[in-house]
Amino acid sequence: MVYLSISDIIDRSWELLKKYGLVIVIVYFAIVFLQNAIGRLLAPPIDIDVLTTALQTNDIAVIEKLYLSNPFGTIVELLLTAVLCLGLLNSMLQLAKGTDSEVSFSHWKLDLSVYVKYVVVDFIVNIIVGVGYVCCILPGLFLQARLGLATIHAIDCPDQGVLDHIQASWELTNGNSMTLIGLRLVQFFIAIIGIILCCIGYIPAMVLVFFSDIVAYLILTRYFERMREEASDATETV
């Protein structure tokens, strides 16, 4: 079993942010802008004050009314966001692996089946985690820690099925639940710091959060370890 270190994950993610952050931030900003623009066209704007109050009081009826007032627009917006984010995460995954040195539109040129499975996995995981948070904070954190890598696995192993991705995340995170819960809390504070910085730092903060999930995934799949072994073998052969 591979043991995770939060400090190691954040350090690696910070180095990736410094190296590739500017381009990723620009792409992510474009995605957020496009998402908001299409959201305004297809779905009515959501009253943030009402939504905040509903979340604080756990008023499910109000939350459903806000998001389901235009179900078609909401669904299209969510699907578009998932598709755009898939390409972004794929770019970040390849950069973290070192298989690519720059963001490319080819990272979005994937088979339709990959997009479908990614959207389905993301939907299932969000439902399960959402139920966990409705029940209590701790079950939600636990389920998010155990299932949070399923979408990355869906991108990295596109030939596998939906349930395989969810099972893979569950198995990879076995033994590291508390560390991953701690990582989620650190990610939360990183996002808060980004918001505090006049909201300008929110997108770079979220890029750092995305990289930290990817780095955690690569550590758990022993990717970096395998790369070191291959480099060592190549050196010995020479």
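Please read these numbers as outputs of a predicted model, since none were measured by experiment.

## Section: the overall build of the protein
Thinking step 1. Secondary structure summary: the protein contains eleven helices and zero strands in total.
Thinking step 2. Put simply, the protein runs from its N terminus to its C terminus through helices and strands in the order α-α-α-α-α-α-α-α-α-α-α.
Thinking step 3. Taking all 238 residues of the protein together, the buried fraction comes to 42%.
Thinking step 4. Restricting the contact set of the protein to residue pairs at least 6 apart, pairs at least 24 apart contribute 72%.

## Some thoughts on the pattern of salt bridges
Thinking step 1. According to the stated counting rule, one finds five salt bridges in the structure shown.
Thinking step 2. Asp8 is the salt-bridge partner of Arg12, the closest N and O atoms lying 3.2 Å from each other. With Arg12 and Asp8 both in helix 1 (residues 6-42), this residue pair falls four residues apart, about one helical turn.
Thinking step 3. A residue is classified by how much of its surface remains accessible, and Arg12, at 27% relative accessible area, is partly exposed.
Thinking step 4. Looking at Asp8, the relative accessible area reads 30%, which means it is partly exposed.
Thinking step 5. Among the ionic pairs, Asp156 bridges to Lys97, the shortest N-O distance being 2.5 Å. Of this pair, Asp156 sits in helix 7 (residues 150-156) while Lys97 sits in helix 4 (residues 71-97), and the two are 59 residues apart along the sequence.

## Describing the packing of aromatic side chains
In this description, an aromatic ring pair is defined by two values, namely the gap between the centres and the angle between the planes.
Thinking step 1. Under the defined criterion, the tally for this structure stands at five aromatic pairs.
Thinking step 2. When the centroid spacing of 5.5 Å and the interplanar angle of 70 degrees are considered together, the rings of Tyr28 and Phe210 count as edge-to-face. Of the two residues, Tyr28 is situated in helix 1 and Phe210 in helix 10 (residues 202-220); the sequence distance between them amounts to 182 residues. Across the pair, Phe210 and Tyr28 agree in class, each one buried.
Thinking step 3. Aromatic pair Phe105 and Trp108: ring centres 6.4 Å apart, planes at 50 degrees, arrangement tilted.
Thinking step 4. The exposure class assigned to Phe105 is exposed, which follows from its relative accessible area of 72%.
Thinking step 5. Above the plane of the ring of Phe224 lies Arg12, whose end atom (NZ or CZ) is 4.3 Å from the centre.
Thinking step 6. The aromatic ring of Trp170 is capped on one face by Arg146, whose charged end is 3.9 Å from the ring centroid.

## Concerning the confidence of the model for the protein
Thinking step 1. Residues with a pLDDT of 70 or more make up 80% of the protein, whose mean pLDDT is 84.
Thinking step 2. Looking at the elements of the protein, mean pLDDT is at its lowest for helix 2 (residues 48-56), recorded as 62, and at its highest for helix 8 (residues 162-172), recorded as 96.

## Points about unusual backbone geometry
Thinking step 1. Unusually for a residue other than glycine, Arg222 sits at a positive phi of about 60 degrees.
Thinking step 2. Along the chain, Arg222 turns up in the loop between helix 10 and helix 11 (223-237).

## Topic: a nonpolar patch on the surface
Thinking step 1. The grouping of Leu185, Phe188, Phe189, Ile192, Ile195, Ile196 and Tyr202 at the surface amounts to a nonpolar patch, some 670 Å² of accessible area in total.
Thinking step 2. Along the chain, the position of Ile192 falls in helix 9 (residues 177-196).
Thinking step 3. In this structure Ile192 comes out as partly exposed when scored by relative accessible area, which is 31%.

## A few points about helix 6 (residues 137-147)
Thinking step 1. Those residues of helix 6 that sit buried are Gly140, Leu141, Leu143, Ala145, Arg146 and Leu147.
Thinking step 2. Check the buried side of helix 6 and you find it contacts helix 5 (112-135), helix 7, helix 8 and helix 9.

## Observations concerning the side chain of His107
Thinking step 1. Secondary-structure assignment places His107 in the loop between helix 4 and helix 5.
Thinking step 2. According to the relative accessible area criterion, His107 is buried, its value standing at 4%.
Thinking step 3. At 2.7 Å, the side chain of His107 and the side chain of Ser91 are in polar contact.
Thinking step 4. Not counting residues within four places of it along the chain, the set of residues in contact with His107 comprises Gly87, Asn90, Ser91, Gln94, Asp100 and Glu102.

## Focus on the nonpolar core
Thinking step 1. Core analysis: the largest hydrophobic core is formed by 55 residues, its most contacted members being Leu88, Met92, Tyr118, Val207, Ile214 and Leu218.
Thinking step 2. Going through the elements one at a time, helix 1, helix 4, helix 5, helix 6, helix 7, helix 9, helix 10 and helix 11 are the ones with two or more residues in this core.
Thinking step 3. The leading source of residues in this core is helix 10, at 15 residues.
Thinking step 4. Setting aside its immediate chain neighbours within four residues, Tyr118 contacts Ala82, Cys85, Leu86, Leu89, Thr151, Ala154 and Ile155.
Thinking step 5. By size, the runner-up hydrophobic cluster in this structure holds seven residues, among which are Val121, Val125, Val129 and Ile166.

Criteria and cut-off values
Residues numbered from 1 in each chain as written. Predicted model: local features only at pLDDT ≥ 70, side-chain atom pairs only at ≥ 80, totals over all residues. Heavy atoms only, no water. Helix = DSSP H or I, 4+ residues; strand = E, 2+ residues; numbered from the N terminus. Buried < 20%, exposed > 50% of the residue type's maximum accessible area, 1.4 Å probe, protein only. Contact = heavy atoms within 4.5 Å. Salt bridge = Lys/Arg side-chain N within 4 Å of Asp/Glu carboxyl O. Phe/Tyr/Trp six-rings, centres within 6.5 Å; stacked < 30°, edge-to-face > 60°. Lys NZ or Arg CZ within 6 Å of the ring centre and 35° of its normal. pLDDT = per-residue confidence, 0-100. Patch = residues over 30% accessible without salt bridge, like charges linked within 9 Å, V, L, I, M, F, W, Y side chains within 5 Å. Areas by Shrake-Rupley, 256 points an atom, 1.4 Å probe, with all protein chains shown as cover. Polar contact = N/O pair within 3.5 Å; in protein donor to acceptor, adjacent residues only side chain to side chain. Core = buried A, V, L, I, M, F, W, Y, C linked by side-chain atoms within 4.5 Å.

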